[in-house]
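# Secondary and tertiary structure notes
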Amino acid sequence: MIIDCHGHYTTAPPALARWRERQIAGLTDPSAAPSPGDLRISDDELRESVVGNQLRMMDERGVDLTVFSPRASFMAHHVGTFETSARWAALCNELCARVTGLFPERFAPAAMLPQSPGVDPTTCVPELTRCVEEYGAVAVNLNPDPSGGHWTAPPLTDRSWYPLYEKFVEYDIPAMIHVSTSVHPAFHTTGAHYLNADTTAFMQLVQGDLFRDFPTLRLVIPHGGGAVPYHWGRFRGLTMALGKPPLEEHLLGNVFFDTCVYHQAGMDLLLDVVPTRNLLFASEMIGAVRDVDPCTGHHFDDTGRYVEAAKLPAGPAEAIREHNARAVYPRLDALLTAQGR
């Protein structure tokens, strides 16, 4: 089967965005603030939002299952207070869980966290617990920069993050390192901030010794790892200069990359540079790049075509499309096994 480990609910019914607009308005005018019960979206609306979108494209591209999380740019942890993020995360996670409940063989839920700038990450634990224990979340998205492009948070190796890592290890779930909207005028959200964050997170991990403290923690860096594969020699050299073990030993037992790379040359480089066991198939559809590439006649984010065109041997190809995801996401593997897959 083909597992897409990186999907977001980018096609949620318009009522969700309207509720969010009211919530933001309520930050300055409390009388405008909505209650969670004001958001009313039927199961039929949820079905309609994905049948002609994600499910149609999954069928066209041969994708069997997508790990499905709230829209990354909508997380917007920089907005309001922790309470703002907590209410917003709870609603978004509930909608993703409802979609996966309607299509349990096509989607598996992943959760966003109610992060907020300057707030102790421990405050995210209750929502994480709820999503895993009540919704069956198989993964979580972790924002290394809740400030929205200003990078006020400490590095991912800082001990302030440890309470979350302890829960990830306890639940045996991976975290995808994924930022949200950039409000910094110098950094375009999807063209700069996302890729900067992927690269920055990797370098933070190179500089630290996080996996000495959490040897079973698993982190997924999306978008093909940002600049990392292209500059693999630089990171190997910096790892040596910092007196760390070789890069493969230092990080690659715990850090994985997805295949959200939108041209053949980039995919070929990724597949050539990064060990096969560290690569997970993903497309991020329907996401940052939605158009058809005029050079190929196919959607930029139809990443399965690039993997297929690379003509990998059957073993590595199957590992990237399915088996690596099942190893990195044990709860997903258990879900699929229970379904007889």
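The rules we used
- Residues numbered from 1 in each chain as written.
- Predicted model: local features only at pLDDT ≥ 70, side-chain atom pairs only at ≥ 80, totals over all residues.
- Heavy atoms only, no water.
- Buried < 20%, exposed > 50% of the residue type's maximum accessible area, 1.4 Å probe, protein only.
- Helix = DSSP H or I, 4+ residues; strand = E, 2+ residues; numbered from the N terminus.
- Pairing = 2+ DSSP bridges.
- Right-handed = clockwise from strand over helix to strand, strands pointing away.
- Contact = heavy atoms within 4.5 Å.

### Topic: the pairing of strand β4 (residues 139-142)
The alternating pattern of β4 places Ala139 and Asn141 on one face and Val140 and Leu142 on the opposite face, and all of these are buried. Relative to β4, strand β3 (residues 107-112) is paired through three bridges, and the arrangement is parallel. Across the sheet, Ala110 pairs through a bridge with Ala139, a residue of β4. Between β3 and its parallel partner β4, the chain crosses via helix α6 (residues 125-135), and the hand of that crossover is right-handed. Two elements, β4 and strand β5 (residues 175-177), share three bridges in a ladder whose sense is parallel. Looking at β5, one finds that Leu142 is bridged to Ile177. Assessed by its sense of winding, the connection that carries the chain from β4 through helix α7 (residues 162-171) to β5 is right-handed.

### Remarks on the side chain of Thr129
Position of Thr129 relative to the elements: it lies in helix α6. The residues touching Thr129, leaving out its near neighbours within four places in the chain, are Glu134, Lys167 and Tyr171.

### Considering α7
All buried positions along α7 are accounted for by Tyr162, Leu164, Tyr165, Lys167, Phe168 and Tyr171. Elements that come into contact with the buried residues of α7 comprise α6, β4, β5, α9 (210-213) and α15 (330-338). Once α7 finishes, Asp172 follows within two positions and takes phi at roughly 55°, a positive value.

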